[in-house]
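# Summary of structural features
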Amino acid sequence: MLEAVIVDDETKALQSLTWELTNFSDEIKVVASFTNPLEALAYLDNSENTPDCLFLDIEMPTMDGFQFIQKLKNKDFPVVITTAYNQYAIKALKNEAIDYLLKPIDSDDLNDTILKIKKFNSRTVTAERLEKILLNFNTASIQKKITINTDGKLVFLQSDEILYVESDGNYSTIFLTDGHKIVLTKKLKEVNEILPSDTFYRIHNSYIINLNKIKEFIKTDGYIVLETNHKIPVSRQKKSDFLDLL
């Protein structure tokens, strides 16, 4: 059962659309309806409210439908434009709407729209489900990989693939043994929490190293030489703890 939200400034139009949705299809129910666009925005921006679709009127005096879409923070659900004017159709589809319906709504058109909503939501659900499967598989793996979430994708790495991590303010760069880099929008502290503590050590405010990749420790100058000849500084505060660790 799809859960729908309706926004229409005219009470009669809102009631009519609610009736049409309820009676034309047993696959959809209206969970909330609003004549005030600002109240609707507050409802939809609440993370606890997760509708499957939004039916949105275009002609509203305080804020038209296109302005409403632009103000939406959460756009994870498909938007269906409802209007009595056909000239809005093309603009609607260019403004992130999945479909449009002309009032009064035809039952065949509504069924076609519901199919589009289902296809949209199935793609989203499939992506979320796949991510959970991958994460669960990785958690259950005998040789657990390190999961890095970056650029809208999950990257799975073995500890042995990582040389060191360098901080750059709110960003961190993971340097791999094959010469590639992965830039994350995470602080070094957050990355340190992801990495296994038995293999990685934060040796400096700006660096985490893979302990298995150490070739030399130059005590007089206070830096580590990795197998790749990268030189990583050791902070004074960490030097004593690091020597104890070794």
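The following paragraphs examine the structure supplied in this document. (Residues numbered from 1 in each chain as written. Predicted model: local features only at pLDDT ≥ 70, side-chain atom pairs only at ≥ 80, totals over all residues. Heavy atoms only, no water.)

Below, the discussion takes up the packing of aromatic side chains. Inspection of the entire model under this criterion finds 3 aromatic pairs. Taking the centre distance of 5.3 Å and the plane angle of 50 degrees together, the rings of Phe-34 and Tyr-43 count as tilted. What makes Phe-34 buried here is its relative accessible area of 13%. By relative accessible area, which is 23% here, Tyr-43 ends up partly exposed. Ring geometry for Tyr-164 versus Tyr-207: centroids 6.3 Å apart, planes at 45 degrees, classification tilted. Note that Tyr-164 is positioned in strand E8 (residues 162-168) and Tyr-207 in strand E12 (residues 207-210), a separation of 43 residues in sequence. An identical accessibility class is assigned to Tyr-164 and Tyr-207; each is buried. (Phe/Tyr/Trp six-rings, centres within 6.5 Å; stacked < 30°, edge-to-face > 60°. Buried < 20%, exposed > 50% of the residue type's maximum accessible area, 1.4 Å probe, protein only. Helix = DSSP H or I, 4+ residues; strand = E, 2+ residues; numbered from the N terminus.)

Moving on, we come to the environment of Thr-18. Examined against the element boundaries, Thr-18 turns out to sit in helix H1 (residues 11-24). Each C-alpha atom, one on Thr-18 and one on Ala-4, is 9.5 Å from the other, the two residues being 14 residues apart in sequence. With near-sequence residues (within four places) excluded, Thr-18 lies in contact with Ile-6 and Val-30. (Contact = heavy atoms within 4.5 Å.)

One open sheet holds the 5 strands; their spatial order is E2-E1-E3-E4-E5, and the pairing between them is parallel. Edge positions in the sheet fall to strand E2 (28-34) and strand E5 (99-102), since each of these pairs with one other strand and no more. Neighbouring strand axes in the sheet, compared pairwise and without regard to direction, differ in orientation by 25 degrees on average. Relative to strand E4 (residues 79-83), strand E3 (residues 53-57) runs parallel, the two sharing 4 bridges. What sits directly across from Leu-56, in E4, is Ile-81. (Pairing = 2+ DSSP bridges. Axes fitted to C-alpha atoms, helices over the stretch in contact; angles between N-to-C directions.)

Side chains Tyr-207 and Ile-209 of E12 all project onto a buried face; the interleaved residues Ile-208 and Asn-210 project onto the opposite face, where all are buried too. Sheet analysis places E8 next to E12, joined by 3 bridges and oriented antiparallel. Paired with Glu-166 across the two strands is Tyr-207, which belongs to E12. Strand direction decides the pairing type here: strand E11 (residues 200-204) and E12, joined by 4 bridges, are antiparallel. Bridging across to E12, His-204 finds its partner in Tyr-207. The antiparallel hairpin formed by E11 and E12 contains 2 residues in its connecting segment.

Below, the discussion takes up the nonpolar core. Formed by 20 residues in total, the largest nonpolar core has its most connected members in Val-7, Leu-54, Leu-56 and Phe-68. Among the secondary structure elements, those contributing two or more residues to this core are strand E1 (2-7), E2, helix H2 (37-44), E3, helix H3 (65-71) and E4. Those residues in contact with Phe-68 that sit more than four places away from it in its chain are Val-7, Pro-37, Ala-40, Leu-41, Leu-44, Leu-54, Leu-56 and Met-63. (Core = buried A, V, L, I, M, F, W, Y, C linked by side-chain atoms within 4.5 Å.)

Scanning all chains against the criterion turns up 3 salt bridges. A salt bridge links Lys-118 to Glu-27; the shortest N-O distance between them is 2.0 Å. Highlighted residues: Lys-118 in helix H5 (residues 107-140) and Glu-27 in the loop between H1 and E2, separated in sequence by 91 residues. Close ionic contact of Lys-213 with Asp-160 constitutes a salt bridge, the shortest N to O distance being 2.9 Å. Note that Lys-213 is positioned in the loop between E12 and strand E13 (214-218) and Asp-160 in the loop between strand E7 (153-157) and E8, a separation of 53 residues in sequence. (Salt bridge = Lys/Arg side-chain N within 4 Å of Asp/Glu carboxyl O.)

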